[in-house]
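Report on the structure
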Amino acid sequence: MTPDYGDPPRACARCLYTTWHPLGLVLDSDGVCSGCRVHEEKQTLDWNERRKQLESLIEPYRRQGGDNYDCIVPVTGARDSFFIVHTVKTLGLNPLLVTYNKLYNTEVGVRNLARLRTMFDSDILTLTVNPDTVKKVTRAALRRLGSIYWHCLAGQTVFPVQCAVRFEVPLVIWGAHQGLEQVGMFSHAHTVEMTRRYRKDHDLMGLEAEDIVGEFDHIDGGEVLPFAYPSYQELGRIGVRGIYLGNFMPWDSKRQHEEMIAQYSYESAGQTRTFDLYNDVDCFNYSDVHDYLKFVKHGYGKATDHAVRELRWGRVTREEAAETARAYQSIAPKQLDLFLEWIGMTPRAFQWVVDQHRNPCLWERDCKWQWNLKWDLLSLPVEAIQRENARLASAGDMRFQLTPSKRPEYMDDRYICIGKGTPCR
Ligand SMILES: [Zn+2]
């Protein structure tokens, strides 16, 4: 369900999400959103029982003779990857780790990924798409969708599926499902699995690889093959299936990362536009230029997502969460020059494209030609009685640990491991 911009936005009485959330959510008669209701399941489900369900689900996929991998596990140098591999190894599986090279790599992310494959003694397969192709695809996605991240999302959601087909390893194991975690599009009881349709509609914003082919951007069919989903025949022949660990354990990204810091020395890092120092430390752009574009298109930033997550776990009050999210969402990106140099674009051209993607229901220009929000999504009115009835006890700790850099003398100011592309200047 996509948001109806014809109706004014209404806020959840508990968290900071609104009925204009791009994934779509609904409010119940108490004014509480579907995402908050699904989160409540984390307190009530029998997780021992769910764990047993997971164990019996994976059993047929174990290769008794050791002649192949048991499963494919998509990883990066951040984002719960350590926890996912740790869990998969605890289940006694032999995974093939696969990673799509986003190119916007930080050195912290490269170090984390190197540490991951060493600590877990696992094979890893990396896809680095021709950087010239990635630049063309990124220019096209920026023009058409206002996204610099389409190639990352397309690559990291399809490379594991391609590997499942190519190496005949049918089971793909992912971490959390965004539709379940954020907006309650699914309940844990649905045990939602990977689908091509969800990937197209939400991860890829409706634009499949073949849709990006065209003369305007000089992209031919062969160039988008690394981003193309395998055919239904190929998927059916291997019996490819993608499951999410978040259906079988009460997913708590902060707690999980802290366990990984203690156990495997996972490295955290400061972020431009969020207080979460764990999730996207591998990328220059995610919590920077990419998040700024999210703010332009949807009227809120990633800090809201992170604050909502912490609020639902009772580590922060609604008011503190709103204050924190507001402080981060107006911070200007710091890595824009680096991105513009990489893609070969002027700041003015970039701003022109960005303005084409401003949601007109959210933004208006004043007499000085400045953009202003028509709706402050963090301070929509909520009936006091509903807000107090929905309020959660907050007794936790929302502080994130900044681990010491393993290479403090190094100036991390260049994309790392990007392959050989044509210089833009
Ligand atoms: Zn809510």
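Just so it is clear, the model here is predicted, and its values are computed rather than measured. (Residues numbered from 1 in each chain as written. Predicted model: local features only at pLDDT ≥ 70, side-chain atom pairs only at ≥ 80, totals over all residues. Heavy atoms only, no water.)

Across its full length, the chain holds 16 helices and seven strands. Relative to its length of 425 residues, the chain is compact, with a C-alpha radius of gyration of 21 Å against a globular reference of 22 Å. Expressed as lengths along the three principal axes of its C-alpha atoms, the size of the chain is roughly 65 × 55 × 50 Å. Looking at the chain as a whole, 57% of its 425 residues are labelled buried. If you take every contact in the chain between residues at least 6 apart in sequence, the share linking residues at least 24 apart comes to 76%. As presented, the chain carries roughly 18,800 Å² of accessible surface, and 52% of it is formed by carbon and sulfur atoms. Charged side chains in the chain number 52 positive and 56 negative. The centres of these two groups are separated by 2 Å. (Helix = DSSP H or I, 4+ residues; strand = E, 2+ residues; numbered from the N terminus. Rg over C-alpha atoms; globule rule 2.2 N^0.38 Å. Buried < 20%, exposed > 50% of the residue type's maximum accessible area, 1.4 Å probe, protein only. Contact = heavy atoms within 4.5 Å. Areas by Shrake-Rupley, 256 points an atom, 1.4 Å probe, with all protein chains shown as cover. Lys, Arg positive; Asp, Glu negative; His and termini not counted. Charge placed at Lys NZ, Arg CZ, Asp CG, Glu CD.)

As for its position among the elements, methionine 194 is in the loop between helix 7 (178-181) and helix 8 (196-203). With relative accessibility at 16%, the residue methionine 194 sits in the buried group. With sequence-adjacent residues up to four places away left out, methionine 194 is seen in contact with Val161, Trp174, Tyr229, Val240, Arg241, Gly242 and Tyr244.

For the zinc ion, the full set of protein donor atoms is Cys12 (SG), Cys15 (SG), Cys33 (SG) and Cys36 (SG), at a range of 2.3 to 2.4 Å. Along the chain, the residues that donate to the zinc ion are spaced as C-x2-C-x17-C-x2-C. On the criterion of sequence distance, the pair formed by cysteine 12 in the segment before helix 1 (34-44) and cysteine 33 in the segment before helix 1 is long-range, its members being 21 residues apart. Overall, cysteine 33 belongs to the buried group, its relative accessible area being 0%. (Donors = N, O, S within 2.8 Å, 3.2 Å for Na, K, Ca; no water.)

The next point concerns the side chain of aspartate 355. Of note, aspartate 355 is situated in helix 15 (residues 347-356). Residues in contact with aspartate 355, not counting those within four places in the same chain, are Arg365 and Trp371.

Time to look at the side chain of threonine 19. You can see threonine 19 is positioned in the segment before helix 1. Residue class for threonine 19 comes out buried when judged on its relative accessible area of 15%. The contacts of threonine 19, once residues within four sequence positions are left out, are Pro3, Pro8, Pro9, Arg10, Leu25 and Leu27.

Attention shifts here to the pattern of salt bridges. A full pass over the atoms with the stated rule returns 38 salt bridges. With its nearest N and O atoms 3.9 Å apart, the salt bridge here joins arginine 255 to aspartate 252. The class for aspartate 252 is buried, based on a relative accessible area of 3%. A salt bridge links lysine 254 to glutamate 258, with the nearest nitrogen and oxygen atoms 3.1 Å apart. In this pair, lysine 254 and glutamate 258 both sit in helix 10 (residues 253-264), four residues apart, roughly one turn of the helix. With relative accessibility at 5%, the residue lysine 254 sits in the buried group. What you see here is one network of salt bridges that share partners, running through Asp252, Arg255, Glu259, Asp276, Arg309, Glu310 and Arg315. (Salt bridge = Lys/Arg side-chain N within 4 Å of Asp/Glu carboxyl O.)

On inspection of all chains with the given rule, the structure shows zero disulfides. Of the cysteine sulfurs around cysteine 417, a residue in no disulfide, the closest is that of cysteine 283, at 14 Å. (Disulfide = S-S within 2.5 Å.)

This brings us to the packing of helix 3 (residues 81-90) against helix 10. Remark: helix 3 packs on helix 10, axes separated minimally by 9 Å, with the N-to-C direction vectors making an angle of 75°. With respect to helix 10, the element helix 3 is oriented roughly perpendicular. Where helix 3 abuts helix 10, its residues Phe82, Phe83 and His86 lie against Gln256, Glu259, Met260, Gln263 and Tyr264. Here the contact of helix 3 with helix 10 is built from residues that sort into four nonpolar, three polar and one charged. (Axes fitted to C-alpha atoms, helices over the stretch in contact; angles between N-to-C directions. Parallel < 35°, antiparallel > 145°, perpendicular 65-115°, else oblique. Nonpolar A, V, L, I, M, F, W, Y, C, P; charged D, E, K, R; others polar.)

Now for empty space enclosed by the protein. A full pass over the atoms with the stated rule returns two cavities of 30 Å³ or more. The space that makes up the largest cavity amounts to roughly 90 Å³. Around the largest cavity, the lining residues are Ala13, Arg14, Leu311, Gly314, Val316, Thr317, Arg318, Arg387, Arg391, Leu392, Ala393 and Ser394. Considering only residue class, the lining of the largest cavity consists of five nonpolar, three polar and four charged. Size it by volume and the second largest cavity reaches roughly 70 Å³. For the second largest cavity, the full set of lining residues is Leu16, Tyr17, Thr18, Trp20, His21, His298, Tyr300, Thr304, Leu377 and Leu378. Among the residues making up the lining of the second largest cavity, the classes are represented as six nonpolar, four polar and no charged. (1 Å grid on protein atoms, 1.4 Å probe; cavity = no way out; pocket = protein on both sides within 12 Å on 5 of 7 lines; lining within 4 Å. Points joined across faces, edges and corners; volume = space filled by probe spheres on them.)

Taking 1.5 Å per residue as the helical rise, helix 4 (residues 107-119) with its 13 residues ought to reach 18 Å, and the 18 Å between its terminal C-alpha atoms agrees with that figure. Of all the positions in helix 4, only Glu107, Val108, Gly109, Arg111, Asn112, Leu113 and Leu116 are classed as buried. At its buried positions, helix 4 is contacted by helix 3, strand 2 (95-100) and strand 3 (123-127). In the segment just after helix 4, aspartate 121 is the residue with positive phi, at about 50°. (Expected span 1.5 Å × (residues − 1).)

Remember that the coordinates give geometry; whether it matters functionally is a separate question.
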